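Residue strings, one per chain:
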Amino acid sequence: MTERRIAYIVDDEESIRRSISFMLKTSGYRVATFATGAAFLKEVKHLEPGCVLLDIRMPDIDGLQVQEVMIERGIAMPIVFLTGHGDVATAVKVMKLGAVELIEKPFEKEAVLGALDQAFARLGEQRLRDLRAQEARLLVAGLSTRERQVLRGLVQGLANKAIGLELGISPRTVEVHRANLMVKFGVHTLSEALRIAFAAELDRPET
């Protein structure tokens, strides 16, 4: 493996940070540690993509608040929660908000490494989605204004005639624009063109 995975440990207990760091480093991970949720949130926007091992109970800003702030800021790093006070309500809440796992202290090495494997698999899927979205946006940006309007009509499920009525052009002209955009996309079927449109979030209202 040419690029080692990086894990961010956020826990107010120095002994926990030290023990997890040692465990992960000896398992091939790169590690960065933070003693408070506030310290992590201050730096998170500038950190390279990785996974977060996050303690739930911390002074000032607790782990649940850190998770909520990350969601608000659109930071998609997967989170594995650590807790010494596990309860069902907390577990349900963090999992609903997208946490990968909640592990109770004292934890087994295998449990932490297994949860991180799941987290990095999710991170890889997110990277792939981001890459596809970026490629799709570039393809859509290469369309003419009229081609983009026709594509939006197709995304809405409209037939050529309905798109033509909406745009004030003939169904035949719609067909021409539709054929041209598919050539630019390098696709042969409507479903392939729609997949690109959805990846580029063309189904969202224009702002």
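Okay, so let's go over this structure. (Residues numbered from 1 in each chain as written. Predicted model: local features only at pLDDT ≥ 70, side-chain atom pairs only at ≥ 80, totals over all residues. Heavy atoms only, no water.)

1. Notes on the packing of aromatic side chains
For the coordinates displayed, the defined rule picks out four aromatic pairs. Ring plane angle 40° and centroid distance 5.9 Å describe the contact between Tyr29 and Phe120, whose orientation is recorded as tilted. Taken as a pair, Tyr29 in the loop between helix H1 (14-25) and strand S2 (30-34) and Phe120 in helix H5 (residues 109-141) lie far apart in primary sequence, 91 residues in all. When its relative accessible area of 6% is taken as the criterion, Tyr29 is described as buried. When the ring of Phe34 is compared with that of Phe40, the centres are 5.3 Å apart and the planes differ by 75°; the resulting orientation is edge-to-face. (Phe/Tyr/Trp six-rings, centres within 6.5 Å; stacked < 30°, edge-to-face > 60°. Helix = DSSP H or I, 4+ residues; strand = E, 2+ residues; numbered from the N terminus. Buried < 20%, exposed > 50% of the residue type's maximum accessible area, 1.4 Å probe, protein only.)

2. Some points on the sheet that holds strand S1 (residues 6-10)
Pairing in this open sheet of five strands is parallel, and the strands run S2-S1-S3-S4-S5 from one edge to the other. The sheet terminates laterally at S2 and strand S5 (101-104), the two strands that pair on one side only. For this sheet, the mean inter-axis angle between neighbouring strands, taken without regard to orientation, is 20°. As paired strands, strand S3 (residues 51-55) and strand S4 (residues 79-83) are joined by four bridges and run parallel to one another. Bridge pairing in S4 links Leu54 to Phe81. Helix H4 (residues 88-96) contacts S4 and S5 of the sheet and is inclined by roughly 150° relative to S5. (Pairing = 2+ DSSP bridges. Axes fitted to C-alpha atoms, helices over the stretch in contact; angles between N-to-C directions. Contact = heavy atoms within 4.5 Å.)

3. Remarks on the pattern of salt bridges
Tallying each qualifying case throughout the model produces nine salt bridges. The partner of Asp11 in a salt bridge is Lys105, and the shortest N-O contact between them spans 2.9 Å. With Asp11 in the loop between S1 and H1 and Lys105 in the loop between S5 and H5, this residue pair connects regions lying 94 residues apart in the sequence. The exposure class assigned to Asp11 is buried, which follows from its relative accessible area of 0%. Judged by its relative accessible area of 17%, Lys105 falls in the buried class. (Salt bridge = Lys/Arg side-chain N within 4 Å of Asp/Glu carboxyl O.)

4. A few points about the environment of Pro49
Residue placement: Pro49 occurs in the loop between helix H2 (37-43) and S3. Owing to a relative accessible area of 41%, Pro49 belongs among the partly exposed residues under this scheme. Spatially, the C-alpha atoms of Pro49 and Met77 are 6.5 Å apart, while their sequence positions differ by 28 residues. If sequence neighbours within four positions are ignored, Pro49 has contacts with Ile6, Met77, Leu123 and Arg127.

5. Describing the nonpolar core
Formed by 22 residues in total, the largest nonpolar core has its most connected members in Ile20, Leu24, Leu53, Val112 and Leu116. Taken together, the elements giving at least two residues each to this core come down to S1, H1, S3, S4 and H5. Among the elements that take part in this core, H5 stands out by supplying seven residues, more than any other. Those residues within four positions of Val112 in sequence are excluded, and the remaining contacts are Met23, Leu24, Leu53, Ile103 and Phe107. (Core = buried A, V, L, I, M, F, W, Y, C linked by side-chain atoms within 4.5 Å.)

6. Quick notes on helix H7 (residues 160-167)
Along H7, the residues classified as buried are Asn160, Ile163, Gly164 and Leu167. Mapping the buried residues of H7 onto a view down its axis gives an arc of 100°, with all of them on the same face. The exposed residues of H7 that point more than 90 degrees off its buried face are Lys161, Leu165 and Glu166. Tucked inside the fold, the buried residues of H7 contact helix H6 (145-155) and helix H8 (171-185). Where H7 terminates, the next one or two residues include Gly168, which has phi positive at roughly 75°. (Arc of directions from axis to C-beta.)

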